[in-house]
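Listed here are the chains, written in short residue letters.
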Amino acid sequence: MLSYRVISFDKAPKLQDLETPVPRSGEVRIRTAAAAVNFSDLLLLKGRYQDTPPLPFTPGMELAGTIEACGPDVSQELKNKRVAVYSGQGGFAEQAIAPASRCLILPDNLSLTDAAGVQVAWGTSHIALTQRARLQPGETLVVLGASGGVGLSAVTLGKILGARIIAVARGEKKLEAARNAGADITIDPETDDIRDAVIAAGRADVVYDAVGGTQAEAAFRACNPGARFLMIGFASGDLPTFKPNHTLVKNIDLIGVNWSAYWKFAPQRVRESGAHILKWAAEGKISANVNHHFTLKDTDKALTLLKERKSTGKIVITPHPTEV
């Protein structure tokens, strides 16, 4: 079994040929058809993610494929089922071990590629916007990093929920992707002042921040009273600094969103959200926005594309390209 292994945080990962893993209690083994690449995988490679597993390990947090073996206490009825799963690791390999409790059975008309790419991005946006921010029709949603997989899902979902969308992304190609996803107004931080542009557009009721740093600070200063500021991630590598007195005076909520943590403290909520998203995807109401495909042997290239911020939408690795 080929697997993309992290041996050391100081050395580049490499492909290794490992023995086929055997599922233990509560686990299944999945023949991986597709595994999506996330910013969190870049953090895993350096040991900087909050849930980094012990060395050595295989990155790849979300995947889709077919269950080919079940652990001793897992229902054998799951065998041969097409599933999507957030495993937290293991996706960048020909086979993956995952908790059976996290496996979501796929609708028949949903491709394995789309199923792999829809979980983290859409799951994050669904819980963030519907449950954490309580986004309402007619409100203005500002999406930072609007051209990535998570950002594009926030743009489209915000539009579905009836909000007006201001998308922030670098370059015309990425802004066009955001407009195609439903953005009403676009801002390029290379040429536009984010704070001034958002204020001119009526200020923000909700900010969806997957970037951090100075972009987050600028958007924060353009919030309406009573706004909700969603902290999704820090792709810029810099943590934003907010003045507490501004938060107090303007009654702004600072809301952290760690989607993967829901599997630990509210698993039923994230399962219900995931099933809802997969149904939407199968019906064509939403898209996984998978725009980049790589083989397992080209995993380095896939990660580099994400690291250099040259991607639009989701990046997917296909260990068995003919099966997606």
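Only a predicted model underlies this, so the values are computations on that prediction, with no experimental measurement involved. (Residues numbered from 1 in each chain as written. Predicted model: local features only at pLDDT ≥ 70, side-chain atom pairs only at ≥ 80, totals over all residues. Heavy atoms only, no water.)

Caption draft 1: Inspection of the overall build of the protein at higher detail. Scanning the protein from terminus to terminus reveals ten helices and 15 strands. Counting only C-alpha atoms, the protein reaches 60 × 40 × 35 Å along its principal axes. A separation threshold of at least 6 residues defines the contact pool for the protein, and within that pool the share at least 24 residues apart is 67%. Within the structure as shown, the protein displays about 14000 Å² of accessible surface, and the carbon and sulfur contribution to it stands at 50%. (Helix = DSSP H or I, 4+ residues; strand = E, 2+ residues; numbered from the N terminus. Contact = heavy atoms within 4.5 Å. Areas by Shrake-Rupley, 256 points an atom, 1.4 Å probe, with all protein chains shown as cover.)

Caption draft 2: Summary view of the pairing of strand β9 (residues 164–168). By the criterion of burial, β9 is predominantly enclosed, with four of the five residues buried. Bridge count for strand β8 (residues 140–144) against β9 is five bridges, and the pairing is parallel. The residue bridging V142 from the neighbouring strand is I166, located in β9. You can see the chain leave β8, run along helix α3 (residues 149–160) and come back into β9, and the turn it takes is right-handed. Pairing of β9 with strand β10 (residues 185–187), which is carried by three bridges, proceeds in the parallel orientation. Of the residues in β10, the one forming a bridge with A167 is T186. The β-α-β motif built from β9, the intervening helix α4 (residues 172–181) and the parallel element β10 has right-handed crossover chirality. (Buried < 20%, exposed > 50% of the residue type's maximum accessible area, 1.4 Å probe, protein only. Pairing = 2+ DSSP bridges. Right-handed = clockwise from strand over helix to strand, strands pointing away.)

Caption draft 3: Layout of the pairing of strand β3 (residues 27–37). Of all the eleven residues making up β3, ten are buried; the element is thus mostly covered by neighbouring parts of the structure. For β3 and strand β6 (residues 95–99), the ladder comprises five bridges, and the chain directions are antiparallel. Residue R29 lies in a different strand from β6, and its bridge partner there is I97. Sheet topology places β3 next to strand β4 (residues 62–70); eight bridges connect them, and they run antiparallel.

Caption draft 4: Just the pattern of salt bridges, in detail. With the rule as written, the count across this model stands at 15 salt bridges. D196 is the partner of R195 in a salt bridge, and the nearest nitrogen-oxygen pair spans 3.4 Å. For E308, the salt bridge is made with K310, and the minimal N-O distance between the two is 3.2 Å. Each of E172, E176 and R179 takes part in salt bridges that share partners, so that together they form one network. (Salt bridge = Lys/Arg side-chain N within 4 Å of Asp/Glu carboxyl O.)

Caption draft 5: Quick look at unusual backbone geometry. Note that the residue after L55, namely P56, is joined by a cis bond; omega there is -15 degrees. With respect to the helices, strands and loops of the structure, P56 is situated in the loop between α1 (39–45) and β4. We note that R309 has phi near 60 degrees; this positive angle belongs to a residue other than glycine. Residue R309 is classed as partly exposed on the basis of its relative accessible area, which comes to 44%.

Caption draft 6: The sheet that holds β9, seen in detail. Ordered in space as β10-β9-β8-β11-β12-β13, the six strands form an open sheet in which the pairing is parallel. Edge positions in the open sheet fall to β10 and β13 (253–256), since each of these has one partner strand only. With direction set aside, neighbouring strand axes in the sheet form an average angle of 20 degrees. Where helix α6 (residues 213–220) meets the sheet, it contacts β8, β9, β11 (204–209), β12 (223–231) and β13, and its direction lies at approximately 155 degrees from that of β12. (Axes fitted to C-alpha atoms, helices over the stretch in contact; angles between N-to-C directions.)

Caption draft 7: Layout of helix α9 (residues 267–282). Relative to the 22 Å expected for 16 residues at 1.5 Å per residue, α9 spans 22 Å between its end C-alpha atoms, a close match to the ideal helical length. When α9 is considered as a whole, its buried residues turn out to be V270, S273, G274, I277, L278, W280, A281 and A282. For α9, the secondary structure elements touched by its buried residues are β7 (104–105), α2 (112–132), α3 and α8 (262–265). Following α9 by one or two positions, G284 has its phi on the positive side, about 80 degrees. (Expected span 1.5 Å × (residues − 1).)

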